[in-house]
Amino acid sequence: MNLSFFDQFSSPSFLGIPLILISMTFPALLLPSLDNRWITNRLSTLQLWFINLVTKQLMMPLDKKGHKWALILTSLMIFLLLINLLGLLPYTFTPTTQLFMNLALAFPLWLATLLTGLR
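No experiment lies behind these values; they were computed from the predicted model shown.

Okay, the overall build of the chain next. Counting its secondary structure elements, the chain contains four helices and two strands. Mapped from its N terminus to its C terminus, the chain presents α and β elements in the order β-β-α-α-α-α. Looking at the chain residue by residue over its 119 residues, the buried ones come to 18%. Taking the contacts inside the chain whose residues are at least 6 apart along the sequence as the reference set, 51% of them involve residues at least 24 apart. Accessible surface, the chain: about 10,000 Å² in total, of which carbon and sulfur atoms supply 71%.

The following block contains the structure:
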């Protein structure tokens, strides 16, 4: 088996399916779904409590103008947390180890912050 130095950066696949697709869509199953019930189950109650806690902690040091970033920052933090927690399972692939995933998440937020600050 002859490998090059850069094979460690290639995206792994299983049966021809890139594992990045599976590892990026799996955390969506863990997020709460919209429900019109008056009484919710324990899992959805804990998920909503956790999302409210993260939102409060992120927005506490900001003034009212900074609260317009609440939705995107909270969703990004929860998405990163779930993807990285998925990487703790044995033999699973964490997409944030790839450079393109980090750039795809960081560059639009940096550009939006820069363009908003120029106004």
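Further notes follow.
Under the defined criterion, the tally for this structure stands at one aromatic pair. For the ring pair Phe-107 and Trp-110, a centre distance of 5.7 Å and an interplane angle of 35° mean the geometry is tilted. With Phe-107 and Trp-110 both in helix H4 (residues 99-118) and three residues apart, this pair spans about one turn of that helix. Note on Phe-107: relative accessible area 46%, which makes it partly exposed.

Here we come to a nonpolar patch on the surface. Side chains of Leu-46, Trp-49, Phe-50, Leu-53, Leu-81, Leu-85 and Leu-88 sit close together on the surface and give an oily, nonpolar patch of about 700 Å² of accessible area. When residues of the nonpolar patch are traced back to their parent elements, those giving at least two are helix H2 (42-59) and helix H3 (70-86). With four residues, the top contributor of residues to the nonpolar patch is H2. Within the secondary structure, Trp-49 is located in helix H2.

Here we come to the confidence of the model for the chain. Per-chain confidence: the chain averages 75 in pLDDT, with 84% of residues scoring 70 or above. Mean pLDDT values for the elements of the chain range from 72 in helix H1 (residues 19-30) up to 80 in H2.

Now for the environment of Thr-74. Tracing the backbone through its elements, the reader meets Thr-74 in helix H3. Excluding anything up to four places from it in sequence, Thr-74 contacts Ile-51, Val-54, Thr-55 and Leu-58.

Moving on, we come to H3. Count 3.6 residues to each turn of an α-helix, and residues three or four apart come out pointing the same way. Between the first and last C-alpha of H3 there are 24 Å, a value that for 17 residues agrees with the 24 Å anticipated at 1.5 Å per step. Within the span of H3, buried status applies to Ala-70, Thr-74, Leu-76, Ile-78, Leu-82, Ile-83 and Leu-86.

The rules we used
- Residues numbered from 1 in each chain as written.
- Predicted model: local features only at pLDDT ≥ 70, side-chain atom pairs only at ≥ 80, totals over all residues.
- Heavy atoms only, no water.
- Helix = DSSP H or I, 4+ residues; strand = E, 2+ residues; numbered from the N terminus.
- Buried < 20%, exposed > 50% of the residue type's maximum accessible area, 1.4 Å probe, protein only.
- Contact = heavy atoms within 4.5 Å.
- Areas by Shrake-Rupley, 256 points an atom, 1.4 Å probe, with all protein chains shown as cover.
- Phe/Tyr/Trp six-rings, centres within 6.5 Å; stacked < 30°, edge-to-face > 60°.
- Patch = residues over 30% accessible without salt bridge, like charges linked within 9 Å, V, L, I, M, F, W, Y side chains within 5 Å.
- Salt bridge = Lys/Arg side-chain N within 4 Å of Asp/Glu carboxyl O.
- pLDDT = per-residue confidence, 0-100.
- Expected span 1.5 Å × (residues − 1).

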